[in-house]
Each structure stands twice: as C-alpha cells, then as structure tokens.
Amino acid sequence: MHNYIEPEKLNKKTHTYALKIALISIILYNIIFSIIFYVQKENLIKINEYNQKSAVDITDLFISEKFDIAYDELNIVRNSNEMYDYVNAPLDTVKKNEVEKMFTRFIKNKNGLTQIRMLNTEGHEIIRVNKKDNEISIVKQSELQDKSDRYYFQHSLDIDKNQIYISDIDLNVENGKIVEPYEPTIRFVAKLVDENNQLVGMLVLNFDGEDFFSVIKKFEKLDFGNLEIGILDLNNYWSLNRANVDLEEILLTVQSNESDQMRTIFEKFQKNKKATSFGYFDNEGLNYYFKKIDEIEESKFVFEGKEFAWYFISYFDINKIIDAKHILLNNRYLIEISSSIIVFFSIYIITYLLRQKKNQDITILTSAYITENTNDGILVLNSLYEIVYCNRVFEDIYGYKLEEIKNTKVINIFEGKINKQKYSNENGRQWKENIWNKTKSGNWLLKNLTIKEIRDAKGKLIYYIGIYSAPLETNKMTNLSEDYNYYSSKMDQEDILKIGNVIDQMDKSSEKMMALTVQLRGEGQKLLESSQSIHGKFFGEGRLDVMLDPEYTLIALPKTELFIFVLPLNYDVLSRDEDNYLGNEKYHDKDEILVEKTIQHINRLLNKIQINLGYSTIEFKYQVGVSISDLKVESGSDLIKNSLIALEALNKYKKTSYLIYDETHYNFIKYENTLKSELRSAFDNNEFYTVYQPQYNVRTNKIIGFEALVRWENKTLGNVPPDKFIPILEETGDIFSLGKRVFDLVIANLKTFDWKDTPTRVSINLSSKEFTNKNVIKDLIEIINKNKINGVKFCFEITETTIVDNLEQANEIIALLHKENIEISIDDFGTGYSSLGYLKQLVTDELKIDRMFIMDYPHEDNGKIIKAIISMGAEIEMNIVVEGVETAEQLDLIKELKCDYYQGYYGSKPTQLENIHRMIVKSNQTDVDD
C-alpha cells in the first residue's frame, strides 16, 4: 500500500531543520502549544482537501472518457449496416436475425457491456442479447419483456435523434424483480430512425456499473484515511472506492424529503458559493467537495435528472483521521505533562509533512487513477516538461518504452508543436487538438492530443497529463484551394501541407517520386480501429521489415485506416524480365511496372505482419491511390493530393485494387462534385421535368401506353443524362425526393387530358430503395387513389437486381400493388441474373428486354440471343416488351418472334405528353373511320 509518508525521501537538511525547530519549541512550549495543535489540524485538512480535488478531477477526466467510449460504441451499433437494413425493413426476419448476430459479435469483446436491447416505439423488447460471466445468450421471443413503464424508456422519447440518454445508476430489474446478486447498471439509450426520419424504436446498451467506474479501483491501494469519493445521481449515491458502504443516513437524493441534513448541506453549498458546479464546504465536522460531472454539459448527452443529478462527492471526517493516526494531537494533556518530548515530535511531524507534500512523487497519483484498461495512450510530464510516466498503450503507439524515455524532455522525443494560445480555461486549463509526431520506428503519426494541467491547492503547476486518442475529423474552411473538396474526405488540407513539407525536405536521389495512399477496408480496418495498441504494433512491426530503402521512404498515418508511402522511383530494381513487361497491354511504361511491383511488396508486407501479430485469419482488403511526380507536380503536397484524388476516384470505380492518378480522374471527381453541388438546388429550382416515350403493340402498331422518363436541365451543366445524376441521388438518399417529384409531375400531366375514351397505361421507374420500402409504396398507392384518373392504369418498372436478392419480400410488395390494380414490369431484363428459375417464383406482369440485345441487329447480331430471352419470357406467360427498336428490320424480327410490345425511336422519341395523347386520339379516330 502506498503511503504519503516515505522516510527514504527525506534528506539531511530536512532532519536538521526538524531538530532545530523541536529544540526551540521545548522552550517556547507554553506559547506555541495551541498553535501546534491548530496548525497540524489545518494542515491535515488542506492535504485531504487537495487529495479530494485531485481525486475528483482525474476521476472526472477518465469517467468522461468512459462516457465518450460508450457514446462511440452505441453509435457503432446504431450506424451499422445490419441496423440500417433492419430499421428500414422492420418486418424482415432475416434482417432481424442479422441484427441479433451483430449484437452477439459486438458484445463479445466489450468489457463491461452486459446487455444490448432493441425496443419498438411502444417499449416492447424486439431483440435482447445478454452477457454474464462471459456467457452470451440471445433471449427467446417468448421471454422478451414490456419496458414501456421504465423511466429510461419514457424519458428517452423526448431526446433529439442525435442525442444519447443516460440513466441513473440503479439495480438491474428483470420481470419486475431486482436481479440478485445485485448488479448496479447504467443505461445508454438512443433513438433509431429510418431513412424517412421516422422513429422505429430505441437502442439500449446496459453497462455494468462497477466495471464502468473501474478506472479508479486502485483507490483501495492508497492510504487516504477516511477519504470517500462517490457519485450522486437523481436517486442514489454510489461509492466508487469502497464496497458495501451504506450511506442512506448521510447522503440521499438531493430532491428527496427523507434527509433534512443532506438538503441543508446542499443548500449551504449553493448559498455560500458563487458557482454551483464545484466547491468545498464543511458541515458538522465533515469536509465536503462537490463537483458536477463535466459530461453533463455536453449537448450530445441527456442525463436523468440533469438539474440536480450527477455530482462527484468527496468527504472526510478530520476528527476520525486525528483519532486514527495522530495520537499526539488526541492526547493533549499527556503532551502538557511531557512537554519537551511531545513538542519535539509534534514539530518534527509538521515539518515532515510539509516537506513531504512538496516532494510527492507523481507516480503515486498516476498509479491511483491511470489504469491499463484505457484504449488511449497516456503520457505524464512534470512542470519542466520531463516525462515521468507513460502507459502500455502509449508504448505500443509510439514504440518507446518508459525506461528509455523517463526523465527525458518531451521536445527531445517529439517534434509536434503545441499552440498555447489554444488552451481552454473551462474546468481547468486544457489543450485539445490533432498533432503530428514521429514514432520511434520513423512513421509520421496523427493523433488527437488532450493535455490537462494538474495544480496543487495553491494553484502551483505540478504536472501535465497527455491523452493520445484517434484523430478527430476537422472542418477548417479558411484559405482552401479550389479543389479542396475533391480530396478533403480523406485528409485535412493542413495535414497534407505538413506531410508535403516533409517530402520536400527529403534527400531525393531520384528525379521522380511516388506516393501511394493505402486505405484498408473490411475486417482489417475494423481490427485497427478497435485498438490503438494493435494499430501501433501493426505499423511498428511493418517498419522493422519495410520492403523499400528506409533512408528514402516516408510512412505517414493520417487516419486509422489510411497510410501513405512516399518513395523515389528506382528503375534499377527492375529485372530484364520486368523490362519485357512493356510488351504487355497492361503496362504502358516502366512507372506502371514499378507501381505494380510496389503494390506486390505492400501485399507481402501486410501478410507477413498478419502472421507475426497472430491475425492470419483476418482478411486485409485495401485500395491504393497512386501518384507519380512530373513537371506539373511541383511540391510534396501536390503529390499527396493527387494520390488522394486517385483513391477517391477508385472508391467510385471499384474495379481494381489500385489506380494511378491522371487528369481524367481529377476531372471525374470534379464533375461528380459539381453534379452534387448543383443537385442541392435542383429541387428548389424545379429543374426536373418529365418526357414520355410510347409503347406499341407489335401486331397492330398501336400505342398501348407510355413510359415516364425524368430529365434534368441545369443552367450550368445543361441537360444531364439520368445515368449521371440518379446514382448520386441514390448515394445521398435524395432518390426518394426525386421519385416523389416525378410522381407528382406525372399525375399533374395526366390530369391535363381526358383519357376516358382513350384508355392507356403509364409506366414509372422505381429505384430499388423505393420499391423495397413499404412506406414509400403505401404513399404512392395513396397518391394514385387520391388522384383517380379514368382510363389510366399504372405500371411500376423495377430492375431484376432489385427483386432477386429477396424474392419473398418482392412478392409481398407485388401482391400489395396488384391488389390496387397496379402492374409490375421487370426493366432492363437480360443485364442481370436472367434466370428462368427465379422468374417462375415471381408474379410480375411484364418483361422489358434491354436494348443491348437488339441494337446491333441485323448487321452485327443474328438475333439468337433475343430469341432465347423472348422464349424464356413466353414460357412463363409474361408480356414481353423489347426496348430500343429503331429500324423496320428490328420490328420485323420481334414480330416473327411473337413479341407483344415494343418501345424505341422507330415508334417515337421521348416527347411531351400532349403529343402522345394526340397520337392516341388520332389512332382511335382512324379505327372509327375504318
């Protein structure tokens, strides 16, 4: 057990000083006796008050980190692909099972997480996964409970969708009974909304209360006398450093009427202190320190009983401390009889404690409050900026061991500069920002650094605590280059300039440099994101066996899943066989061969690191953006930017593992960003409109209906093809807005004409997201029924890839549409699965054969493929529509094949609806005349 009194730290001067004071005190006993008693007692109070504040401040710091970790873990679950799919299809049992599996995987390796639940909007459990003694169980459907009467469910209904509700710490209750043995539990609750921003339910994560506050369990190892520290929430007091303490008679809920004593204490505290967020006060021999938990002010959290709840409380009884540890002070009359001896030892103890306080070693505090359970790197400096402590995670991140850097000034280890003007004075002086530092192995690493100043009771700076966590996303929008948005999703411009300057200072032995920005994906990305220790070991291990010359290679890590290689092009490493690659169509020059060779090296390196670290079962997928310096690339930052642009383009192409930058990729990203920018105002400016293309009966050549086609006319870009802007709208989620806009336009256009004597059918395209969303389908049905148009029948066109993934769900939706007399057509048939097997399981009305199967007939195509597809459709008795018919020969072919309908330029180009209506009326008049 640590003790504040450590005799080995006293020196000769301390002993001499104590002896002199003791001898003088014998003579002056009658004068100073009362002073000794008073000073000793006050000194003890100050020491314990200092301990109170230090304990509470550092506990607050680490518990705040716990809250942030819990916040991140809840958002990981809430934003997972499985949860996204399920909240947008809550009736799909397959997606529900995927959520259960995801819950099971997630809870498995999360210490302290005891339960994950999903509640519907009425408070009933939909899914519950429990973990107890490392045993994970999925609760049966019959055992799921109604939690609608629970306060945490009722109160979380009022929070914003981006906020997290935090419950009181209470005992776990199941089926109306308190679970035994007792399980203090804290709950984090978040709303679940679908793509339409509609509430679907609640996600609830239960954390073990004892484990949640385990960061300060080492309090028990310190000799803090009777110092107590705990948390007071709305309903309970929870001791953090003592087990089985019953404080009901001392500290009760602030709002309760059960304890006049506690109410009096808290009212005194508020009355005597200007600020009620923290402060010292004493009452009837007990010395208290209150401090409101910092995180309660965070807008992202909503605490239970926020006005009064969640205070740290520390208190001690100075009289008990004196009784237990200060016999001299407790026996005043004995001191008077044995004056010389008592005065001698009294002064000696006072001197000893004063000197001891000044020489306290920082490791006493760090051993009490800093544990090895945190995922962040911890570095502690004294007031001279000398390193006195670092934890295991810091060692893993930067590669340094404590014994090799202890007592070393931090500026001798790291080059990163701290702007002291950015210190925050809220809750003590604190600095927080992303910072670049170099690891022991030579990698440039970006981390978010939080620096907290720790001061003594007199305000004197004692030490700094630095916390290294994953870098934060920044949004620095000043002095940006014109093309900043084309690479900003990967790396901040300020960070690009930093690495660019490092590149510019490299000793370049080659005329050309190459930058490779590697982005890990899938399981490998998740592994590195799960632990900073793993991330540090991974790239530390990689540097030890780097495949390129370390003297001329830069490795920078701006994000967890992103790392950058910069190296000179060395053509000497190419063998004669590789020179012969230039005859291969795949390679255009030696630069491409060197890139391919480097990618192979990276792949072998990743495989080797996997094996060395024991992660051979995890698949490391990655994509690489490559840039090579030339006359247009003048700086290192340009080299980095080009590799990021190549990676951004590669994310869109998704056809290969790497891409070498050229200007076409820049133009591609630039054009797509321009489209995104213009699309933001396209709806408000009413830039979308519809045209219609007739569909004809092959046998009679009469119009039987028409397809509504959306067009976008933009004042900057002109007429933009649908295949350019629709994928972007699907990516951003605005496809629903477009679908609603098209539907409204079609209804408005149809109402312009009288269709009672000219019955027809209008076909409207639905995206996969629209078709599989039952709420959207119900809204469209409601619009059709609300706007009844005599003589008009509706048909929804969907692609075969939309329905083949879930035939059961597709048939449910089709049955719903058929009930409303709405037909279904499979669009672009033949470009996807084209399987007779799945077609037989569908109840659709029509197949539309893609134009690619007839466009080259008769000159470059003999018609065999389209004949086979038409035969396939005819076998299951569906109507067949051939798209893209442009010549009489093509029409003759489909007539011969007994196709039902056709659509294409041979009949009519897409046109305004009034022209089609005129053609239909004219055709009907011709029939009457005949």
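Residues numbered from 1 in each chain as written. Predicted model: local features only at pLDDT ≥ 70, side-chain atom pairs only at ≥ 80, totals over all residues. Heavy atoms only, no water.

How should I be thinking about the packing of helix H23 (residues 735-750) against helix H25 (residues 774-786) in this particular structure?
When two helices pack together, their arrangement is captured by the angle between the axes and the distance separating the axes. As a packed pair, H23 and H25 sit with axes 11 Å apart at the nearest point and diverge in direction by 15°. Comparing the axis directions of H23 and H25 gives the class roughly parallel. H23 and H25 meet at a crossing whose hand is right-handed. Contacts from Phe736, Lys740, Phe743, Asp744 and Ile747 in H23 reach Val776, Leu780, Ile783 and Ile784 in H25. Tallied by class, residues from the contact of H23 with H25 come to seven nonpolar, no polar and two charged. (Axes fitted to C-alpha atoms, helices over the stretch in contact; angles between N-to-C directions. Helix = DSSP H or I, 4+ residues; strand = E, 2+ residues; numbered from the N terminus. Parallel < 35°, antiparallel > 145°, perpendicular 65-115°, else oblique. Left-handed = near helix turned anticlockwise from the far one by under 90°. Contact = heavy atoms within 4.5 Å. Nonpolar A, V, L, I, M, F, W, Y, C, P; charged D, E, K, R; others polar.)

What is the right way to read the pairing of strand S30 (residues 792-799) from this model?
Side chains on a regular strand alternate between the two faces of the sheet. With respect to burial, S30 is a largely interior element, six of its eight residues being buried. Summarising the sheet, strand S29 (residues 760-765) and S30 pair through six bridges and their orientation is parallel. Following the sheet pairing, Val762 is matched in S30 by Phe794. Sheet topology places S30 next to strand S31 (residues 823-829); five bridges connect them, and they run parallel. Within the sheet, the bridge partner assigned to Thr799 lies in S31 and is Asp827. (Buried < 20%, exposed > 50% of the residue type's maximum accessible area, 1.4 Å probe, protein only. Pairing = 2+ DSSP bridges.)

Mind showing me how you'd approach the side chain of Arg761 here?
You can see Arg761 is positioned in strand S29. At 3.2 Å, the side chain of Arg761 and the side chain of Gln695 are in polar contact. Every residue in contact with Arg761, bar those within four places of it in the chain, is listed here: Gln695, Ile704, Gly705, Phe706, Lys793, Phe794, Cys795, Glu823 and Glu846. (Polar contact = N/O pair within 3.5 Å; in protein donor to acceptor, adjacent residues only side chain to side chain.)

Explain the pattern of salt bridges here, please?
As a working rule, side chains carrying opposite charge can pair if their charged atoms are close by. In the structure shown here, the tally under the stated rule is 24 salt bridges. Measuring nitrogen to oxygen at the nearest pair gives 3.5 Å for the salt bridge that ties Arg117 to Glu125. The burial state of Arg117 is the same as that of Glu125; both residues are buried. With its nearest N and O atoms 2.9 Å apart, the salt bridge here joins Arg761 to Glu846. Taken as a pair, Arg761 in strand S29 and Glu846 in strand S32 (residues 846-849) lie far apart in primary sequence, 85 residues in all. An identical accessibility class is assigned to Arg761 and Glu846; each is buried. Three or more residues are tied together by salt bridges with common partners; here these are Glu707, Glu797, Lys848 and Glu883. (Salt bridge = Lys/Arg side-chain N within 4 Å of Asp/Glu carboxyl O.)

Teacher, can you tell me more about the packing of aromatic side chains here?
How two aromatic rings sit relative to each other is given by the distance of their centres and the angle of their planes. This structure, assessed with the given rule, holds 26 aromatic pairs. Consider the rings of Phe683 and Phe688, whose centres lie 5.0 Å apart with planes at 50°: the pair is tilted. Using a relative accessible area of 5% as the deciding quantity, one classes Phe688 as buried. Taken together, the ring pairs connect Phe67, Tyr71, Phe188, Phe207, Phe301 and Phe303 into an aromatic cluster. (Phe/Tyr/Trp six-rings, centres within 6.5 Å; stacked < 30°, edge-to-face > 60°.)

Sorry, what's going on with unusual backbone geometry here?
A negative phi holds for most residues other than glycine; trans holds for most peptide bonds. Cis peptide bonds are those with omega within 30 degrees of zero, and the linkage from Tyr857 to Pro858 qualifies with 5°. Structurally, Pro858 is set in the loop between S32 and helix H29 (864-875). The backbone phi angle of Asn134 is positive, close to 65°, even though this residue is not glycine. Considering the arrangement of structural elements, one finds Asn134 in the loop between strand S2 (125-132) and strand S3 (135-138). Even without being a glycine, Asn821 presents a positive backbone phi close to 65°. Following the sequence through the fold, Asn821 ends up in the loop between helix H27 (807-819) and S31.

I tried to follow the nonpolar core on my own but got confused; where do I start?
Generally speaking, a soluble globular protein has its nonpolar side chains buried in company with each other. Among the nonpolar cores identified, the biggest contains 76 residues, and Leu750, Phe771, Phe794 and Phe796 are the most heavily contacted of them. In this structure, Leu750 is in contact with Phe706, Trp755, Val762, Ile789, Val792, Phe794 and Leu913, ignoring residues within four places of it in sequence. One finds Ile397, Tyr400, Ile451 and Phe563 within the second-largest nonpolar core, a separate group that totals 51 residues. (Core = buried A, V, L, I, M, F, W, Y, C linked by side-chain atoms within 4.5 Å.)

What am I meant to see in the pairing of S32 here?
The side-chain alternation of S32 yields two buried faces, one formed by Glu846 and Lys848 and the other by Leu847 and Ile849. Pairing geometry for S32 and strand S33 (residues 879-883), over four bridges, is parallel. Looking across to S33, one finds that Ile849 is bridged to Val882. Taken together, S32, H29 and S33 constitute a β-α-β crossover, and its handedness is right-handed. (Right-handed = clockwise from strand over helix to strand, strands pointing away.)

For this particular structure, what's the right way to read the side chain of Gln890?
With respect to the secondary-structure elements, Gln890 resides in helix H30 (residues 888-896). A distance of 3.0 Å separates a polar atom in the side chain of Gln890 from the backbone oxygen of Ile854. Contact partners of Gln890, with chain neighbours within four places excluded, come to Ile854, Met855, Tyr857, Gly884 and Val885.

What should I look at first to understand the layout of surface pockets in this one?
One way to see where empty space is left: roll a probe the size of a water molecule over the atoms. For the second largest pocket, the calculated volume is near 1300 Å³. In terms of lining residues, the second largest pocket is bounded by 39 residues, among which Glu707, Pro722, Asn765, Asp827 and Asp828 are the most central. Those elements that place two or more of their residues in the lining of the second largest pocket are strand S27 (703-714), helix H22 (722-732), H23, S29, helix H24 (768-771), S30, helix H26 (800-804) and S31. Residue composition of the lining of the second largest pocket, by class: 15 nonpolar, twelve polar and twelve charged. (1 Å grid on protein atoms, 1.4 Å probe; cavity = no way out; pocket = protein on both sides within 12 Å on 5 of 7 lines; lining within 4 Å. Points joined across faces, edges and corners; volume = space filled by probe spheres on them.)

Explain the environment of Lys895 here, please?
The residue Lys895 is located in helix H30 in this model. Spatially, the C-alpha atoms of Lys895 and Val698 are 6.2 Å apart, while their sequence positions differ by 197 residues.

For this particular structure, what's the right way to read the confidence of the model for the protein?
Low pLDDT marks stretches whose predicted atomic positions should not be read closely. With 72% of its residues at a pLDDT of 70 or more, the protein has an overall mean of 77. Low pLDDT, under 50, characterises residues 1-11; the stretch is placed with 26 contacts to residues that sit more than four places away or in other chains. Long-range and interchain partners of residues 243-260, a stretch whose pLDDT sits below 50, account for 27 contacts in this model, where long-range means more than four residues apart. (pLDDT = per-residue confidence, 0-100.)

I would appreciate a short explanation of the environment of Gln912 in the present structure.
Along the chain, Gln912 turns up in the loop between strand S34 (901-903) and helix H31 (913-929). Considered as a pair, Gln912 and Tyr692 are 220 residues apart in the sequence and their alpha carbons are 6.1 Å apart. Discounting chain neighbours no more than four positions away, the residues touching Gln912 are Thr690, Val691 and Tyr692.

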